[in-house]
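Residue-level listing of the chains:
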Amino acid sequence: MAEQFRNYIAGEWVAGATASVNRNPSDTADVVGEYAQADAAQAKAAIAAAKRAFPAWATGSIQERANILDKVGAEILARRDELGTLLSREEGKTLPEGIGEAARAGQIFRFFAGEVVRMAGEKLASVRPGVDVEVTREPLGVIGLITPWNFPIAIPAWKIAPALAYGNTVVCKPADLAPGCAWAIAEILSRAGLPPGVFNLAMGRGSVVGEALVDDPDVTAISFTGSVATGRGIAAKAIARMAKVQLEMGGKNPLVVLDDADLPTAVNCAVQGSYYSTGQRCTASSRLIVTAGIHDRFVAAVADKLKTLRVDNALLAGTDIGPVVDESQLDVDCKYLEVGQAEGARLLTGGERLQRATDGYYLSPALFTEASNAMRIAREEIFGPVACVIRAKDYDEALALANDTEFGLSAGIVTTSLKYATHFKRHSQAGMVMVNVPTAGVDYHVPFGGRKGSSYGPREQGRYAAEFFTTVKTAYTAA
Ligand code: UN1
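Residues numbered from 1 in each chain as written. Predicted model: local features only at pLDDT ≥ 70, side-chain atom pairs only at ≥ 80, totals over all residues. Heavy atoms only, no water.

(A) Structural context of the overall build of the protein. Regarding its fold elements, the protein presents 15 helices and 23 strands. A compact globule built from 479 residues would reach a C-alpha radius of gyration of about 23 Å, and the protein, at 23 Å, matches this within 12%. Excluding contacts between residues fewer than 6 apart, the proportion of contacts in the protein whose partners are at least 24 apart in sequence is 73%. Accessible area for the protein stands at about 18,500 Å²; split by element, carbon and sulfur atoms hold 53% of it. (Helix = DSSP H or I, 4+ residues; strand = E, 2+ residues; numbered from the N terminus. Rg over C-alpha atoms; globule rule 2.2 N^0.38 Å. Contact = heavy atoms within 4.5 Å. Areas by Shrake-Rupley, 256 points an atom, 1.4 Å probe, with all protein chains shown as cover.)

The structure is reproduced here in structure tokens:
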């Protein structure tokens, strides 16, 4: 029988109403475990526990809070290989990527351990003589966290750590498809000295647990990462009841390659950004916008490189690209391969279902050329190992194409020109701009987020996380 993993509510491990099977996408015969699924009543119990725990946590010792977060970070870092292996097994990114992501989660906890004791306010003179003004930050209350499957340890970490650091209590609902890493974080938190109810894990379906969090008046704020459609639905409901909301959603990130680019750098940025982690990153570059003078050389070099990549079981040494996360995502990817060809783009290489020693959702990295920015493959987020090349006559046209999208998360340029790099940094309409580095793969201590349809609300990560996880108070005192 598969191992059973329970929810963590009010400091107790509790069985769910039902359970769901977490399966390894590299080897569908391999069951990671059976994970509890909360029903609406259990979600409510988690919210109630977080509400009860809030006053004491919000006003308790900041040294204790910092110690707990530091301890959690240290344990995640010490266990990075084991947690990274779990991640790769449940999600399908390669082992080096899984271990790297686990390490990132540990660093995030340690970063926010430090932030706990660095929270500062402001003191100003009032325009009225004899009056002082103080501006301070306070926690919000119970925060509902809804996290995706594609970064199953880093994204829970980058929402849980700041939420707790700034004095909030938490109910976390991880993705149904890959809840194992969030469960592991919950298990570490359960031994770290948190008072019961400060952190609760309620695994289960978005339509049940997610909805309970979004609708409950006791949940003050919701931070969500996932699809555009789900995000829009959450925003509408949250705003209707005046809850604070932070959304990280899709991307259709451009990587501009100019004639003066260093070709190996351009190829590395394109291949890393578009195909690593199986293209399942909201920061993935899916539009390669290439100026005429380098276009053919770039396309040939990327196609050559893709042929050398090994697509196989995520846990095998030497695998460059793991499987697609599940059958329904594979269907989406394959549908877009058809759509692109029907629209007139040329599928230059890849896009084939592959059989490997273990039965998994393997797809070879697909590159379209002769794409136009009007095509659906250039406008809609695919979330798979699929990218398209769009030809541009010069930098100005490339910039215009890069910005011609509903999204605005990350945008990259490969160039040796200071003039174009500087102009692109100023004029890109994305939240994050990358010069000679891939669009995906971000640091943990600086703001993360986008513009337009990609994000809503304050940025995540770094000290900017305080914008979402706290509220500001302005106090006036006449002495
Ligand atoms: C990264 O590119 O390092 O869901 C992080 C996502 C993003 C995280 C990307 N929120 O893909």
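Moving on, there is more to tell.
(B) Quick look at the pairing of strand β14 (residues 285-291). Among the seven residues that make up β14, seven are buried, leaving the element largely enclosed by the rest of the structure. Relative to β14, strand β13 (residues 253-257) runs parallel, the two being bridged by five bridges. Of the residues in β14, the one forming a bridge with leucine 255 is leucine 288. Viewed along the sheet, the connection from β13 through helix α9 (residues 263-275) into β14 turns out right-handed. When β14 meets strand β19 (residues 386-392), the two strands line up parallel, connected through five bridges. Across the sheet, arginine 287 pairs through a bridge with cysteine 388, a residue of β19. (Buried < 20%, exposed > 50% of the residue type's maximum accessible area, 1.4 Å probe, protein only. Pairing = 2+ DSSP bridges. Right-handed = clockwise from strand over helix to strand, strands pointing away.)

(C) Inspection of the nonpolar core at higher detail. Core analysis: the largest hydrophobic core is formed by 70 residues, its most contacted members being Phe109, Phe112, Ile160, Leu164, Leu189 and Phe199. No other element matches helix α5 (residues 154-165), which puts nine residues into this core. Setting aside anything within four residues of it in sequence, one finds leucine 189 in contact with Val72, Phe109, Ile160, Leu164, Leu194 and Phe199. One finds Leu258, Tyr336, Ala378 and Leu399 within the second-largest nonpolar core, a separate group that totals 31 residues. (Core = buried A, V, L, I, M, F, W, Y, C linked by side-chain atoms within 4.5 Å.)

(D) Spotlight on the domain arrangement of the protein. According to the domain assignment, the protein contains domain 1 (4-249 + 454-478) and domain 2 (254-435). Just the C-alpha atoms count here: the centres of domain 1 and domain 2 sit 31 Å apart. Counting residues at the interface gives 24 residues for domain 1, matched by 28 residues for domain 2. Summed over both sides, the interface of domain 1 with domain 2 buries roughly 2,000 Å², with 58% coming from carbon and sulfur. If you sort the residues of domain 1 by the area they bury against domain 2, Ser26, Trp149 and Ser454 come out on top, with a joint share of 25%. (Domains from an automatic or database assignment. Buried area = accessible area lost by both parts, 1.4 Å probe.)

(E) Representation of the pattern of salt bridges within the structure. Per the counting criterion, the structure on display carries 22 salt bridges. Between glutamate 187 and arginine 191 there is a salt bridge; the shortest N-O distance is 2.8 Å. With its nearest N and O atoms 3.5 Å apart, the salt bridge here joins aspartate 215 to lysine 237. Here aspartate 215, found in helix α7 (residues 206-215), pairs with lysine 237, found in helix α8 (residues 228-240); they are 22 residues apart in sequence, far enough to count as distant. Residue aspartate 215 is classed as partly exposed on the basis of its relative accessible area, which comes to 39%. With relative accessibility at 34%, the residue lysine 237 sits in the partly exposed group. Where salt bridges share partners, they join Glu75, Arg79, Glu82, Glu187 and Arg191 into one cluster. (Salt bridge = Lys/Arg side-chain N within 4 Å of Asp/Glu carboxyl O.)

(F) Region of the structure containing the site of the ligand. Around the ligand, 13 residues are found, and the nearest of them are Arg104, Asn150, Cys282, Thr283 and Gly441. A distance of 3.0 Å separates an oxygen atom of the ligand from a polar side-chain atom of asparagine 150. For the ligand, an oxygen atom lies 2.8 Å from a polar atom in the backbone of glycine 441. When the ligand is considered free in solution it has 320 Å² of accessible area, and contact with the protein chains removes 99% of it. (Near = heavy atom within 4 Å. Polar contact = N/O pair within 3.5 Å; in protein donor to acceptor, adjacent residues only side chain to side chain.)

(G) Broad picture of unusual backbone geometry. In this structure, alanine 10 is a non-glycine residue whose phi angle is positive, near 55°. Among the structural elements, alanine 10 can be located in the loop between β2 (7-9) and β3 (12-14). On the basis of relative accessible area, alanine 10 is assigned to the partly exposed category, the value being 25%. Here threonine 278, not a glycine, exhibits a phi torsion of approximately 55°, which is positive. Tracing the chain through its elements places threonine 278 in the loop between α9 and β14. Threonine 278 gets classed as buried once you look at its relative accessible area, which sits at 1%.

(H) Expanded view of the sheet that holds strand β4 (residues 18-24). The strand order across the open sheet formed by three strands is β1-β5-β4, and the pairing between neighbours is mixed. Single-partner strands in this sheet number two, and they are β1 (4-5) and β4. The pairing of β4 with strand β5 (residues 27-37) spans seven bridges and is classified as antiparallel. Residue pairing for β5: asparagine 22 is matched across the bridge by glycine 33. Strands β4 and β5 of the sheet are contacted by helix α3 (residues 80-91), whose axis makes an angle of about 105° with β5. (Axes fitted to C-alpha atoms, helices over the stretch in contact; angles between N-to-C directions.)

(I) Layout of the sheet that holds strand β7 (residues 131-139). One open sheet holds the three strands; their spatial order is β6-β7-β23, and the pairing between them is antiparallel. Pairing within the sheet leaves two strands with one partner each, and these edge strands are β6 (122-125) and β23 (470-478). The average angle at which neighbouring strand axes cross in this sheet is 20°, direction not considered. Bridge count for β6 against β7 is four bridges, and the pairing is antiparallel. The partner of glutamate 122 across the bridge, within β7, is valine 135.

(J) Expanded view of the pairing of strand β20 (residues 410-414). β20 sits mainly inside the fold: five of its five residues count as buried. Burial along β20 is two-sided: the face carrying Ser410, Gly412 and Val414 and the face carrying Ala411 and Ile413 are both buried. Bridge count for β13 against β20 is three bridges, and the pairing is parallel. Bridge pairing in β20 links valine 257 to valine 414. In the sheet, β20 pairs with strand β21 (residues 432-435) via four bridges, with the strands oriented parallel. Paired with glycine 412 across the strands is methionine 434, a residue of β21.

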